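Coordinate analysis (summary)
In case you want the letters, here they are:
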Amino acid sequence: MTSFVGEDGPTSSIRFTVNDRPISVAIRPDRNLLEVLRVELGLTGTKYGCGEGECGSCTVLLNGRATRSCQVAVGDLAGATVVTVEGLARDGRLTPVQQAFVEVGAFQCGFCTPGMVVAATALLRRSPHPADAEIRAAMDGNVCRCGGYGRILRAIRRAAEISALPPEARG
Amino acid sequence: MTLPRPRRPWDRTDPARRDYFEVLGEGLLAQLAGRPAGGGARGWSPPSGGAWVHVGPSGGIRAFTGKVEVGQGTRVALSLAVAEELRVPLARVDLVMGDTDLCPWDMGTFGSRSMPDAAPALQRVAAGAREALLDLAADKGIGPRDRLEAVDGAVTAPGRSGTVAYGALVTGERRIVAVDPAQPLTAASGWRVAGRPIADPRAEEVVTGRRTYTSDLRLPGMRYGAALHPPRMGSRLIRADLGAAASRPGVQVVHEDGFIGAVAASPREAHSAVAAIRAVWEETPEPGEAEIETFLRHHPASGDDWDTAERHEGDPVSALAAAPFTVQASYRTAYIAHTPLETRAAVAEWTGTRVTIWVGTQTPFRAREYVATALGIPLEDIRVIVPYTGAGFGGKHGGDVAAAAARLARAAGAPVELTYSREEEFRWGYFRPMAIIDLKAGADRDGHLAAWIFHNVNAGAAALLPPYRIPHQAVDNELSESPLAQGPYRSLAANTNNFARECAIDELAERAGIDPVEFRQRNLDDERLRVVLRRAAETAGWADWHREAGRGRGVAIGLEKGGRVATIATVTARDDRPVRVDRIVTVYEAGTIVHPENLRSQIEGAAVQALGGALFEAIHFDQGRIRNARLSEYRVPRFSDLPEIEAVLLDRPDIPSAGGGETPMIAVAPAIANALYEATGRRRRTLPLLEDDLMPPPTPTAGARRPTRPRAGGSSRGSPARSRGTRRASPR
Ligand code: FES
Ligand code: FES
């Protein structure tokens, strides 16, 4: 169990899990999840890009759904399950989405990539064979300022293909 | 991994006295004995100050360059060049970039100079290191020197009678070799690693979230900082009441040399402490959007040599008067924001009187100078390191955040991270300048360009001169003061100048009743550009286009920094729906291609970024204050805007590589503008093209929600990017 106490005033204690790790925090309940992940837990894979829900860089899985962590108050997290980009690969094996992003070379600066990977993971869990229009719609909240959308689209299509393969054949 | 610190920065130490082996361990060190042949030809952009390569006992190669990686793929492209000459796999090369203690001095990563400047230097020094390894092997009796060969990280004698790995060869050595700047290179035709598709060996850390950007560094005992900014550029602080901020628990307020900031346990606490500072600023009237054009036209500024260009030939006024087909128009571009996804960030840590600063900047050596001046400390005591950076696009020049973090860390006695909020990034970065181009041009009866009078205000000089054959020309530009901070942007003036020029060419072609592709071909002498244009027309199916209401296609070309580009765009614009760019075809030729997949990715990204500036990106302001300093109010291209993009590369292995981060974008906006004209019948001469229809400027209340109180940030004193009215180098 990782526990910590913030310095900043009135607190209440909240328990949730991050990447299967139980967390107990006693900080102001209006602190946002993004800041807790990055500053308190050192999970810096989740990025800050705008702080107002517009860019998707901070996307995590919250109870399985793609969620912008900058818009989530810690006070609302009691009992929640959070998975960040660091928690996707198991035993050093990349997930099909991660594998596909590497294969296609779907990033330039890579700063949007964690948010893209998490959002795409949620999309493919919901809809294993999305049409292009569905991909575009689902990913519209994630900004890639390097303009890599074409490759990201290809990577998501490719991830759907990889996911359809039996695990041994995924490479 | 950060290497240990040398006694003094190597670029400021005589080559004979550098403590190479104390820092890197034993081995062989090759350094360039002068300016590399074939690099840095441009007068305005001095080449990097040399290059060096170290081969260690593990067989690992460390190469050093002052260039930085901001998402343009230079790390892999330059590593490939080194791997090729040293005959090792890509993964064996560790390229140390943008570390001012260890890397050769460099002016900055912009102007697409990484490949033309740094690649030749690194290639030559790597080739020299390879030859030195062969010498060493001969000395050690592996075989006769002229029969030895370097293959896959080892020196091999004929018949494989002896093969010794580099690592074994250099074990116990502390050998420094000087490499002739004219050291011959492997011809591109003989490349085995470079010039073909290859995966980034570090891609895994990106997709798993393990890659560490500046804002991700977490040093032991690190605290978080924020700085106070003036309400707008140039405001002077009259007084500040720090009491409310300083009395917060765990907050330390810093006030020195006109800089005010705060340090706390989290970014949020630091920012809210700064917000609690009550500051009074002296303000002077500034123009708003309604007056900006008049202001720019009447506030000339001076700049450096490379900021202006001109050409006067023949008698353009008479030629224009005699021309049967003419166009006379003014074109405009808005201020636009780079909006790199990672905001400006820096982490500073002091050890005694020396400081190390990790900072996302495109100009580490200039940032070092900036910090030295701001803090009044010697250059030798400052180490600037540029970690992976979440893009720059020309927007991350300078050392503001580096100096702010260094001040805060010094005062706090602890490492301090300072990361701009998105709003600070908008307000306290700088913009691509707003510009006006006044253009008059004429063509003769046969569609030959006869007269060209082109004057730009506040754009800059890049791509100012037309690539066309025109007997009578008057081309020049002027610089202006600006109420908003302005500075480099990916391909800066080339975007603006090319937009005006290529729109006007279409207008002339239409008047002359000639197909726009044919009109351009008729006026081009540059054979490489003609080939690029022809290829674009073929790829896009130009000849097979069927006109249809509400649809349009447009073409544009460009020649800049040695790269030739042609773009053909297709758009749909029907009354009931927003304008959509359906397809962008870009054909690009820039000499030898070192890393084709990366170049293609750059072209695709450039198309998307250019689409934003073409259609909807614009900064709105009033009284020097930015009204849309948020991502929700500044529209950037999104997934739903993505057109079909086709990038075609033409490889010319016989011509040195010209780089590709910028030029591929310069034909996109005019191609879209020309397509939009065909689709709608209305010629729009202002970027962004759709501002009026699609993205009404935010209402003053929405855009200026917190305008009266200064919000966080860094000292603005003396920032080169922020000084008024000067035009800085060029982009990315
Ligand atoms: S940081 Fe959360 S959406 Fe941009
Ligand atoms: S790769 Fe840079 S923002 Fe997407």
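Residues numbered from 1 in each chain as written. Chains lettered and ligands numbered in written order. Predicted model: local features only at pLDDT ≥ 70, side-chain atom pairs only at ≥ 80, totals over all residues. Heavy atoms only, no water.

Glancing now at the overall build of chain A. Along chain A, the regular secondary structure elements total five helices and six strands. The secondary structure elements of chain A, listed N-terminal to C-terminal, are β-β-β-α-β-β-β-α-α-α-α. Relative to its length of 171 residues, chain A is compact, with a C-alpha radius of gyration of 16 Å against a globular reference of 16 Å. In terms of its C-alpha atoms, chain A occupies a principal-axis envelope of roughly 50 × 35 × 25 Å. Residues counted as buried form 58% of the 171 residues belonging to chain A. Once local pairs closer than 6 in sequence are excluded, the contacts in chain A between residues at least 24 apart make up 52%. (Helix = DSSP H or I, 4+ residues; strand = E, 2+ residues; numbered from the N terminus. Rg over C-alpha atoms; globule rule 2.2 N^0.38 Å. Buried < 20%, exposed > 50% of the residue type's maximum accessible area, 1.4 Å probe, protein only. Contact = heavy atoms within 4.5 Å.)

What follows deals with the overall build of chain B. Each helix and strand in chain B was counted, giving 19 helices and 32 strands. Taking 27 Å as the expected radius of gyration for a compact globule of 732 residues, we find that chain B reaches 27 Å, a close match to that expectation. Structurally, chain B occupies a C-alpha span of about 80 × 75 × 45 Å along its principal axes. In chain B, the proportion of contacts linking residues at least 24 apart, taken out of those at least 6 apart, comes to 79%. Here chain B contributes 91 positively and 89 negatively charged side chains, and the mean placements of these two sets differ by 3 Å. (Lys, Arg positive; Asp, Glu negative; His and termini not counted. Charge placed at Lys NZ, Arg CZ, Asp CG, Glu CD.)

Let us look at the packing of helix α5 (residues 149-164) of chain A against helix α16 (residues 596-615) of chain B. Where α5(A) contacts α16(B), the two axes come as close as 8 Å, and the packing angle between them is 115°. In contact with A:Y149, A:R151 and A:R154 of α5(A), α16(B) contributes B:E597, B:R600, B:S601, B:E604 and B:V608. By residue class, the composition of the contact of α5(A) with α16(B) is two nonpolar, one polar and five charged. (Axes fitted to C-alpha atoms, helices over the stretch in contact; angles between N-to-C directions. Nonpolar A, V, L, I, M, F, W, Y, C, P; charged D, E, K, R; others polar.)

Each partner contributes residues to the interface: chain A has 50 residues there, and chain B has 56 residues. Counting each side, the surface lost to burial between chain A and chain B is near 4,500 Å², with a carbon and sulfur contribution of 54%. By the criterion of area lost to chain B, the three top residues of chain A are A:Q108, A:R145 and A:Y149, representing 19% of everything that side buries. The interface formed by chain A and chain B includes nine salt bridges. Taking the shortest distance from any N to any O, the salt bridge between A:R151 and B:E597 comes out at 3.1 Å. Our enumeration of links across chain A and chain B arrives at 29 residue pairs in polar contact (both at pLDDT 80 or more). Taken together, the elements giving at least two residues each to the side of chain A that touches chain B come down to α1 (33-40), α2 (96-104), α3 (113-126), α4 (132-139) and α5 of chain A. Top contributing element to the side of chain A that touches chain B by residue count: α5(A), with six residues. The class makeup of the residues in the side of chain A that touches chain B is 21 nonpolar, 13 polar and 16 charged. (Buried area = accessible area lost by both parts, 1.4 Å probe. Salt bridge = Lys/Arg side-chain N within 4 Å of Asp/Glu carboxyl O. Polar contact = N/O pair within 3.5 Å; in protein donor to acceptor, adjacent residues only side chain to side chain.)

Attention now goes to the sheet that holds strand β3 (residues 61-65) of chain B. Neighbouring strands of a sheet are bound in pairs by backbone hydrogen bonds; such pairs are parallel or else antiparallel. Residue and element names in this part refer to chain B. On the basis of which strands lie adjacent, the open sheet formed by five strands has the order β4-β3-β2-β1-β8 and mixed pairing. Pairing within the sheet leaves two strands with one partner each, and these edge strands are β4 (93-97) and β8 (174-179). In this sheet, adjacent strand axes meet at a mean angle of 20° when their direction is disregarded. As paired elements, strand β1 (residues 27-32) and β8 share six bridges and run parallel to each other. Paired with L32 across the strands is V179, a residue of β8. (Pairing = 2+ DSSP bridges.)

This paragraph deals with the domain arrangement of chain B. All names here are of chain B. Here the domain parsing of chain B yields domain 1 (10-207), domain 2 (216-283 + 344-419) and domain 3 (299-335 + 431-694). Placing the centre of domain 1 and that of domain 2 at their C-alpha centroids yields a distance of 35 Å. Counting residues at the interface gives 24 residues for domain 1, matched by 21 residues for domain 2. Around 1,800 Å² of area is buried between domain 1 and domain 2 when both sides are counted, 51% of it from carbon and sulfur atoms. Looking only at domain 1, the three residues that lose the most surface to domain 2 are R12, V70 and T100, adding up to 34% of its buried area. Joining domain 1 to domain 2, the criterion identifies four salt bridges. The closest approach of N and O atoms between R383 and D99, which form a salt bridge, is 2.7 Å. (Domains from an automatic or database assignment.)

All names here are of chain B. The three strands lie next to each other as β5-β6-β7, forming an open sheet whose pairing is antiparallel. If you trace the sheet from one side to the other, it starts and ends with β5 (149-151) and β7 (163-165), each paired once. Neighbour-to-neighbour, the strand axes of the sheet open up by a mean angle of 30°, direction not taken into account. When β5 meets strand β6 (residues 154-156), the two strands line up antiparallel, connected through three bridges. The residue of β6 that forms the bridge with A150 is V155.

Once that is clear, we can look at the packing of aromatic side chains. In total, this model carries 11 aromatic pairs over all chains according to the counting rule given. Centroid distance A:Y149 to B:F639: 4.8 Å. Interplanar angle 55°. Geometry classified as tilted. Placement of A:Y149 in helix α5 and of B:F639 in the loop between β30 (625-626) and β31 (644-650) is noted, with the two residues assigned to different chains. Each of the two residues, A:Y149 as well as B:F639, counts as buried. (Phe/Tyr/Trp six-rings, centres within 6.5 Å; stacked < 30°, edge-to-face > 60°.)

The next point concerns the nonpolar core. Ranked by internal contacts, the top residues of the largest apolar core, which has 149 residues, are A:F101, B:Y331 and B:I672. In terms of residue count, the dominant contributor to this core is helix α13 (residues 492-512) of chain B (11 residues). Judged by nonpolar contacts, the second largest core, of 47 residues, contains B:L133, B:V179, B:W191 and B:A194. (Core = buried A, V, L, I, M, F, W, Y, C linked by side-chain atoms within 4.5 Å.)

This paragraph deals with helix α17 (residues 668-680) of chain B. Within an α-helix, residues lying three or four positions from one another point in the same direction, as the helix has 3.6 residues per turn. Residue and element names in this part refer to chain B. Counted at 1.5 Å a residue, the expected span for α17 with its 13 residues is 18 Å, and the 18 Å between its end C-alpha atoms agrees. The buried count for α17 comes to 11 of 13 residues, which makes it a mostly enclosed element. Looking only at α17, the buried set comprises V668, A669, P670, A671, I672, A673, N674, A675, L676, E678 and A679. Directly beyond the C-terminal end of α17, a positive phi value near 75° is found at G681. (Expected span 1.5 Å × (residues − 1).)

Let us look at helix α7 (residues 267-275) of chain B. Buried within α7(B) we find B:E269, B:A270, B:A273, B:V274 and B:A275. Taken together, the buried residues of α7(B) touch β9 (223-227), α6 (243-246) and β12 (259-264) of chain B.

Each regular strand shows side chains that alternate between the opposite faces of the sheet. Residue and element names in this part refer to chain A. Of the two faces of strand β4 (residues 59-62), both are covered, the one formed by T59 and L61 as well as the one formed by V60 and L62. Note that β4 and strand β5 (residues 65-68) share four bridges and pair antiparallel. By the bridge assignment, V60 is partnered in β5 with T67. The turn linking β4 back onto β5 is made up of two residues, and N63 within it adopts a positive phi angle of 50°.

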